[in-house]
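Working through the structure, step by step
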Amino acid sequence: MSRRAAGLALLFAGPLLAAGVALASAKSLTKPAPAPRGPDPQLAADLAQLAPQRPGHPDLFVLGFAGDGSEQVFRNEVHYLRDLAAQRLDAEGRVILLANHVEPPPVRALPEANAHTLRQALDGIAARMDPDEDLLLAYFTTHGTEQHELLLRREGRRDRLLTPGELRAALDDAGIRHRVLVISACYSGGFAKALRGPDTLLLMAAHRERTSFGCGNDSVATFFGRAWLVEGLNATTDFDAAFVQATAAIEARELAEGLEPSRPQINRGARIGERLAAWRAGFEPGPALPYPFAFEATAGENTKAAVLTPLRPPADKTPKP
């Protein structure tokens, strides 16, 4: 698997990998740019349309965040998350999506996924929630760095990074208490220290020192997205049980394809289980929802690791030798 070597990219290879991709030193990327002055108007409109909280009924609010706009696989997953949450998880009207994909007209692009819109989205969701009753499911899907940061990539902009500390601060500042946080990215186990807490269920696609698999425009879902989001949540509405099922499926697939195990990680807060049980008891799940993108045969899928290469060198930083 990849190891950073003097700021130069190494190639991922394996007997069943369709292609390798280069891993850039995180030092060649900049941290998120200063926040824009005002709120994103499109996101503000989406937040204004959120369904209100139902008193006495634990509600699930959902945030999907697709960080890398250069690969449709991440967009696919958050669009499916929206439909699954509405039709199966009793969250219709309570879903906000952010994505860095630039869509051709007349397709309506989603609000941009960056540090500023993340805060705006969390604040807007929190304003509709009862902090004692309701829960947030936040699903982040993008590339990850060995320094445990998430890639924010959008056409026409420089690459940016979102750190675990910035994500934790945005959640805390919004005042959202009950959290299910899903980080589908390489090295995502490195988010555990910053994000864990007694009221949080934290699911991560890989160990802090391992890559995850399934990125690329010739893939329709990441390994973790397919196993947890599509297959797991169509079998059960228990996020924890879906993770156990997904981990077994991912391990079997990686073994069959000769890949170094990604070792998905979970951190269960002491109090979050009771709140999740109350939410599940309050609704009847909808039927399983087919994934709208056709899966290829496992052996033929692109299984390259979800690592990153910057679109262009930042003007103010030079990679160190």
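Because the structure is predicted, anything quoted here is derived from the model rather than measured.

On a plain count of helices and strands, the protein comes out with 8 helices and 8 strands. Pairs at least 24 apart in sequence give 76% of the contacts found in the protein among residues at least 6 apart. As presented, the protein carries roughly 13200 Å² of accessible surface, and 53% of it is formed by carbon and sulfur atoms.

Among the residues of helix 8 (residues 272-280), those classed as buried are Ile272, Arg275, Leu276 and Trp279. End-on view of helix 8: buried residues confined to an arc of 100°, all on one side of the axis. Buried residues in helix 8 make contact with strand 1 (60-66), strand 3 (135-141), strand 6 (178-184), strand 7 (200-204) and helix 7 (239-256).

Now for unusual backbone geometry. Cis geometry marks the peptide bond from Pro105 to Pro106, where omega comes out at 5°. Although it is not a glycine, His148 sits at a positive phi angle of roughly 65°. Inspection of the secondary structure assignment puts His148 in the loop between strand 3 and strand 4 (150-152). Looking at His148, the relative accessible area reads 11%, which means it is buried. Of note in this structure, Tyr187 is not a glycine but carries a positive phi near 60°.

All right, on to the confidence of the model for the protein then. Summing up the model confidence of the protein, the mean pLDDT is 85 and the portion of residues at 70 or higher is 80%. For the stretch residues 1-28, pLDDT sits under 50, and the model shows 67 contacts to residues farther than four places along the chain or on other chains. Confidence drops under pLDDT 50 across residues 298-321; counting only partners more than four residues distant or on other chains, this segment forms 84 contacts.

To continue, consider the packing of aromatic side chains. Under the counting rule described, the total for this entry stands at 10 aromatic pairs. When the centroid spacing of 4.9 Å and the interplanar angle of 70° are considered together, the rings of Tyr80 and Tyr291 count as edge-to-face. You can see Tyr80 sitting in helix 2 (residues 72-87) and its partner Tyr291 sitting in the segment after helix 8, a full 211 residues away along the chain. Tyr291 sits in the buried class, given a relative accessible area of 11%. With 5.4 Å between their ring centres and 65° between their planes, Tyr291 and Phe293 make a pair best called edge-to-face. For Phe293, a relative accessible area of 26% puts it in the partly exposed group. The ring centre of Phe223 lies 3.7 Å from the NZ or CZ of Arg253, which sits over that ring.

What follows is about the side chain of Glu133. As for its position among the elements, Glu133 is in the loop between helix 3 (115-128) and strand 3. An unpaired buried charge is present at Glu133: no salt bridge exists, and Arg275, the closest side chain of opposite charge, is 6.3 Å distant. A polar atom in the side chain of Glu133 sits 3.0 Å from the backbone nitrogen of Gly56. Among all residues touching Glu133, those that are not within four sequence positions of it are Gln53, Arg54, Pro55, Gly56, His57, Pro58 and Arg275.

Calculation criteria
Residues numbered from 1 in each chain as written. Predicted model: local features only at pLDDT ≥ 70, side-chain atom pairs only at ≥ 80, totals over all residues. Heavy atoms only, no water. Helix = DSSP H or I, 4+ residues; strand = E, 2+ residues; numbered from the N terminus. Contact = heavy atoms within 4.5 Å. Areas by Shrake-Rupley, 256 points an atom, 1.4 Å probe, with all protein chains shown as cover. Buried < 20%, exposed > 50% of the residue type's maximum accessible area, 1.4 Å probe, protein only. Arc of directions from axis to C-beta. pLDDT = per-residue confidence, 0-100. Phe/Tyr/Trp six-rings, centres within 6.5 Å; stacked < 30°, edge-to-face > 60°. Lys NZ or Arg CZ within 6 Å of the ring centre and 35° of its normal. Lys, Arg positive; Asp, Glu negative; His and termini not counted. Salt bridge = Lys/Arg side-chain N within 4 Å of Asp/Glu carboxyl O. Polar contact = N/O pair within 3.5 Å; in protein donor to acceptor, adjacent residues only side chain to side chain.

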